[in-house]
Amino acid sequence: MSDKATLKYQDKEIELDAITGTEEETGLDITQLRAKTGLITLDPGYANTGSCTSDITFIDGEKGILRYRGYAIEELAEKSTFMETAYLVLYGELPTTEQLALFEKQISDESYLHYGMKGHFEGFPDKAPPMAVLSAMLNVLSCYNTDLLTTATEGPKFTVPAAKIISKVRAIAAWAYRTSQGKPFMPPRPDLSYSGNFLHLMFSQTFDMYEPHPDVERALDLFLILHADHEQNCSTSTVRMVGSSHASMFSAVSAGVGALWGPLHGGANCEVIKMLTKIHEEGIKPRDFVEKAKDKNSPEKLMGFGHRVYKSFDPRAKILKGQVDAVLKALNISDPLLDIAYELEEMARSEEYFIERNLYPNVDFYSGILLRAIGIPVNMFTVLFAIGRMPGWIANWREMHVQSLRISRPRQIYTGATLRDYTPMEQR
Ligand code: SDX
């Protein structure tokens, strides 16, 4: 079978090479299309367009498959830690005992923020959205590391900024939260795990150290594993777009935070809780809400449902659903929002509207309930998503430079006014 496609249009004809990946996905290489035919393709939202080849993550949306560097998310969720998974996503292989110990020590050593950054936090108003603070402070972090603003993909010029960002993002997030609460900053505790340290930075008081419940610490670590990477989604594509101009890793992940903030993307985990809370507090029947979500004239969506790639259950949603149950039982708490979530899922999965559009729960549908159960405030949910996604963003930023990709600059089809003369004011 030919590994080429032929495109014919009017008097133009071009052969396009077919590129097939290790999972038998095939794409047509159109890199010479405009040069040879003057034509471009048009794909708003890029639903049919591959921006790169990548070795990092593989998703099969029809089968509900997600793998980081070939390892199934279900196995990593059960057997790995976020630090081990971050190493895998960044460097391509599971670490040896020694490699993991060195990586964890590097991350632990980078836990502190330069004291000079404290003043920047005090400049934000109390109600500052934490995602705005996070995006800004990642660029401020670069101001204290001007020797690391390179596009290096090997050695300390890569491993050091990568470790700084993955480690310090916790203190930046926790300090953003504590500033909004008028609380003093806590120094990190090197004796705690990556996730345990974040919980300590968030919730410890000067004379009352927060000791994370093992099930809570494990639940947060699992949440971060599940969010570590996810192919060329909106925010990862943004990181690549910014990085393609040779802007620094700090600037690229800061831009990624901005893209992730949107309610259709990473912001959905907050929107799910707002939706469930509204249903609970206003006594809305879940059936009535589902009807609104189906109604094109209604602004309501079933937040946490649907996905550009998954046309069956998002495997992360399945794992989180099980984890929520376990954490609530371990902490001996119940959450009425979980019962509503179950009811909505049950309804949606038997509704023609959702079935014919392949709308299933995505990663955000249960993640918010899990974060609520471990005490994270709603306005910090998407910040936690960003903390988890840092290894994936950095791995994609690095892969782009290893592949020496050109600056990203999409084309367009112009549909505006054709040439016209300037008209003097009196003639307008
Ligand atoms: C993430 O890409 C990634 O990998 C992202 C992510 C990651 O890990 O990085 O997985 C994280 O962003 C998960 C998605 C979180 N967003 C939400 O939960 C918001 C609610 N979902 C939708 O907004 C929507 O499903 C998207 C944004 C997720 C996907 O949008 P698409 O692929 O552009 O699909 P669409 O909007 O064109 O919807 C197709 C149809 C439409 O109906 P019709 O015009 O065909 O009649 O499905 C309907 C939509 O109206 N639809 C929904 C719906 N989602 C889609 N109807 C009701 N409720 C919903 N949630």
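Here goes a summary of the coordinates provided. Given the structure is predicted, the values throughout are model-derived calculations rather than measurements. (Residues numbered from 1 in each chain as written. Predicted model: local features only at pLDDT ≥ 70, side-chain atom pairs only at ≥ 80, totals over all residues. Heavy atoms only, no water.)

A closer look at the nonpolar core
M275 and I376 are the most contacted members of the largest nonpolar core, which totals 116 residues. Element by element, the count of residues in this core is highest for helix α7 (residues 156-180), at 13 residues. Two domains each provide a minimum of three residues to this core, namely domain 2 (73-260 + 385-402) and domain 3 (268-374). In contact with I376, not counting residues within four places along its chain, are F198, L199, F203, L371, F381 and L384. (Core = buried A, V, L, I, M, F, W, Y, C linked by side-chain atoms within 4.5 Å. Buried < 20%, exposed > 50% of the residue type's maximum accessible area, 1.4 Å probe, protein only. Helix = DSSP H or I, 4+ residues; strand = E, 2+ residues; numbered from the N terminus. Domains from an automatic or database assignment. Contact = heavy atoms within 4.5 Å.)

Some remarks on the site of the ligand
Near the ligand lie 23 residues; those nearest to it are H230, H307, R308, R316 and R389. H307 places a polar side-chain atom, nitrogen or oxygen, 2.6 Å from an oxygen atom of the ligand. Summarising the interface, the protein chains cover 76% of the accessible area of the ligand, which totals 1100 Å² for the free molecule. The residues that make up the shell around the ligand include at least three from each of domain 2 (73-260 + 385-402) and domain 3 (268-374). (Near = heavy atom within 4 Å. Polar contact = N/O pair within 3.5 Å; in protein donor to acceptor, adjacent residues only side chain to side chain. Areas by Shrake-Rupley, 256 points an atom, 1.4 Å probe, with all protein chains shown as cover.)

Quick look at the pattern of salt bridges
A complete count under the given rule lists 25 salt bridges for this structure. Here E351 ties to R287 by a salt bridge, and the two come within 2.7 Å at their closest N and O atoms. Of this pair, E351 sits in the loop between α15 (336-348) and α16 (352-356) while R287 sits in helix α13 (residues 286-294); the two residues are 64 residues apart in sequence, bridging distant segments of the chain. You can call R287 partly exposed: its relative accessible area is 30%. Residues joined in a network through salt bridges with shared partners are R287, E291, K294 and E351. (Salt bridge = Lys/Arg side-chain N within 4 Å of Asp/Glu carboxyl O.)

Remember, this is a structural readout, not a statement about activity or role.
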